[in-house]
Amino acid sequence: MLRQPVPPTGEELTYVGDDDSEFFRHVHGRSLNTLNTSYLLPSDRDEVKRSEYHHRMLKFVFGGQNYVGPVREALQFGQQRRVLDLGTGGGLWAIEMADEFPRAEVIGIDLAPIQPRDVPPNCTFELCDLDQRSIPYPDGYFDLIHARSMFMGIHNYPRFLREVSRLLRPGGLVILIEPDLTPTIDPSSPAVSSQPDASGWFTFWETYHTCLRRQRIDPTVPQRMADLLVSTGMFENIVRREGNIPVGSWPREPVALTVGQLQWMDYELLLPALRPFFLTVGLPETTVRSLVADAQHDLYHPSVNLSCRINIVHASKRL
Ligand SMILES: C[S@@+](CC[C@H](N)C(=O)[O-])C[C@H]1O[C@@H](n2cnc3c(N)ncnc32)[C@H](O)[C@@H]1O
């Protein structure tokens, strides 16, 4: 499996062998990456499982597809068909795209080698910190760039978007997908008028916001992605969609019910996954314990119908 860094710049290649322990460190009981020590979500089996739930949930939202927007058009252009998945996590999106577009070359980049090794021949994973260095590919190399649920690892999102623009060929497509970090209560929730209480849940997310800001990560990026794309001056046909994702088993309609259950399973894994983050940024152990326990209580015994918002933006690089 080809790894770090990548060929077009002429830099030396490294392969991740059977012993990949140098890419992982143990922090507060979880395994985290070593490439970017300020990214404090785990890189381990539970986190891969969580990104799998997230992936499957979004496929239901997208009507069984892996994408929204003019992806087929972007990949029918000329001879080159290159797809880049930034912050690929467990790599499921990249693998499924490689299967769906066998003539495309699909590359997934992440901070840690947590992807499977048995992958389609047109799919490769590489290691690179997208926050600290330019992405080692030439200008205009890619037709499609996808970045999903990874803004928490990027301190300067406008700079990141300029880099995305550099890597795209003119007319190439970018797809950005980020869930809001502000939870909501579904307006149809029967309990809203009587007792709108999910205080443990809301406190958890407010604390996450505060700690991200302390780490110089802007928690409002998900809602501002379209504006940030406009600000680069490099994109056109910018389409923004947002939607409500139910959390839990309260929806009646079957697809919404499945989406809600998958999102619930994602959050069940996310709550403990944020322990290393909260502890490392300086919250006391006792605070973190009750923060997680109170949020878990509201997730397991909801007094209201929890939901969250997802932000989806796609745009073409100007010709
Ligand atoms: C929450 S997971 C999402 C995975 C996948 N995109 C998905 O939607 O299922 C975020 C991933 O982004 C990666 N990531 C975060 N910051 C990164 C950075 N600065 N450079 C490279 N990868 C990064 C993390 O290692 C993690 O695997």
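Residues numbered from 1 in each chain as written. Predicted model: local features only at pLDDT ≥ 70, side-chain atom pairs only at ≥ 80, totals over all residues. Heavy atoms only, no water.

As recorded in an unreviewed UniProt entry, the protein goes by S-adenosyl-L-methionine-dependent methyltransferase and comes from Guyanagaster necrorhizus.

S.K.: Go over helix α4 (residues 157–167) with me, naming the residues and quoting the values.
M.R.: All of the buried residues in α4 are Y157, F160, L161, E163, V164, S165 and L167. Buried residues in α4 make contact with β3 (82–86), β6 (142–148), β7 (168–179), α6 (221–232), β9 (235–246) and β10 (306–317). (Buried < 20%, exposed > 50% of the residue type's maximum accessible area, 1.4 Å probe, protein only. Helix = DSSP H or I, 4+ residues; strand = E, 2+ residues; numbered from the N terminus. Contact = heavy atoms within 4.5 Å.)

S.K.: Explain the environment of Q263 residue by residue, including any values.
M.R.: For Q263, the position within the fold is in helix α7 (residues 254–273). Each C-alpha atom, one on Q263 and one on S249, is 9.8 Å from the other, the two residues being 14 residues apart in sequence. Those residues in contact with Q263 that lie beyond four places of it in its chain are M57, I245, P246, V247 and C308.

S.K.: Which residues make up the nonpolar core, and what are the values?
M.R.: In this structure, L86, Y157, F160, Y208 and F278 are the most contacted members of the largest nonpolar core, which totals 96 residues. The leading source of residues in this core is α7, at seven residues. Contact partners of F160, with chain neighbours within four places excluded, come to L86, L130, A147, M150 and I154. If you look at the next biggest cluster of nonpolar residues, it comprises six residues, including F23, F24, I114 and L127. (Core = buried A, V, L, I, M, F, W, Y, C linked by side-chain atoms within 4.5 Å.)

S.K.: Explain the site of the ligand to me, using residue names and the numbers behind them.
M.R.: As a structural note, the neighbourhood of the ligand is formed by 19 residues, with G87, D110, D129, L130 and R148 the closest of them. Within the contact set of the ligand, a nitrogen atom lies 3.4 Å away from a backbone nitrogen or oxygen of D131. A distance of 2.7 Å is found between an oxygen atom of the ligand and a side-chain nitrogen or oxygen belonging to R148. Relative to its free-state accessible area of 600 Å², the ligand is covered by the protein chains to the extent of 96%. Grouping the constituent residues of the shell around the ligand by class yields six nonpolar, eight polar and five charged. (Near = heavy atom within 4 Å. Polar contact = N/O pair within 3.5 Å; in protein donor to acceptor, adjacent residues only side chain to side chain. Areas by Shrake-Rupley, 256 points an atom, 1.4 Å probe, with all protein chains shown as cover. Nonpolar A, V, L, I, M, F, W, Y, C, P; charged D, E, K, R; others polar.)

S.K.: Describe the packing of helix α5 (residues 199–214) against helix α9 (residues 285–300), listing the residues and the values that go with them.
M.R.: α9 packs onto α5 with a crossing angle of 130 degrees between their chain directions and a minimal axis gap of 7 Å. Looking at the two axes, α5 sits oblique to α9. Crossing handedness for the pair α5 and α9: left-handed. Of the residues in α9, those touching α5 at S199, G200, W201, T203, F204 and T207 are L291, V292, D294, A295, D298 and L299. Considered class by class, the residues forming the contact of α5 with α9 number six nonpolar, four polar and two charged. (Axes fitted to C-alpha atoms, helices over the stretch in contact; angles between N-to-C directions. Parallel < 35°, antiparallel > 145°, perpendicular 65-115°, else oblique. Left-handed = near helix turned anticlockwise from the far one by under 90°.)

S.K.: Lay out the pattern of salt bridges with the relevant residues and their values.
M.R.: Applying the stated rule across the entire model yields 18 salt bridges. Between K59 and E96 there is a salt bridge whose closest N-O contact spans 2.7 Å. Note that K59 is positioned in helix α1 (residues 45–61) and E96 in helix α3 (residues 92–100), a separation of 37 residues in sequence. A residue is classified by how much of its surface remains accessible, and E96, at 17% relative accessible area, is buried. Across the pair R309 and E242 runs a salt bridge, and its minimum N-O distance is 3.5 Å. Of this pair, R309 sits in strand β10 while E242 sits in strand β9, placing them 67 residues apart in sequence. Given the relative accessible area of 22%, R309 is considered partly exposed. Among the charged side chains, a network of salt bridges with common partners joins E47, R50 and D266. (Salt bridge = Lys/Arg side-chain N within 4 Å of Asp/Glu carboxyl O.)

S.K.: Can you lay out empty space enclosed by the protein for me, pointing to particular residues and giving the numbers?
M.R.: Under the defined criterion, the tally for this structure stands at one cavity of 30 Å³ or more. Roughly 70 Å³ of volume is contained in the largest cavity. If you go around the largest cavity, the residues you meet are S38, Y39, L40, L41, M152, Y208, L212, Q215, I217, L274 and F277. (1 Å grid on protein atoms, 1.4 Å probe; cavity = no way out; pocket = protein on both sides within 12 Å on 5 of 7 lines; lining within 4 Å. Points joined across faces, edges and corners; volume = space filled by probe spheres on them.)

S.K.: Pulling in residues and values, what's your account of the packing of aromatic side chains?
M.R.: With the rule as written, the count across this model stands at 15 aromatic pairs. Measuring from ring centre to ring centre gives 5.1 Å for Y157 and F160, while their planes differ by 45 degrees; the resulting arrangement is tilted. Taken together, the positions of Y157 and F160, both in helix α4 and three residues apart, correspond to about one turn of that helix. In this structure Y157 comes out as buried when scored by relative accessible area, which is 1%. Between Y208 and F278 the ring centres are 6.3 Å apart and the planes differ by 80 degrees, which places this aromatic pair in the edge-to-face class. Of the two residues, Y208 sits in helix α5 while F278 sits in helix α8 (residues 275–280), which places them 70 residues apart along the sequence. (Phe/Tyr/Trp six-rings, centres within 6.5 Å; stacked < 30°, edge-to-face > 60°.)

S.K.: Hey, could you go over the layout of surface pockets for me, with residue numbers and the actual values?
M.R.: In this structure, the largest pocket occupies an estimated 780 Å³ of space. Where the lining of the largest pocket is concerned, the elements lending two or more residues are α1, β3, α3, β4 (105–110), β6, β7, α5 and α7. Residues of the lining of the largest pocket, tallied by class, amount to 22 nonpolar, 14 polar and ten charged.

S.K.: Run through the side chain of R30, naming residues and quoting values.
M.R.: Here R30 is to be found in strand β2 (residues 30–33). Judged by relative accessible area, R30 falls into the buried class, the value being 13%. Setting aside anything within four residues of it in sequence, one finds R30 in contact with R25, P42, D44, D46, E47, P272, A273 and P276.

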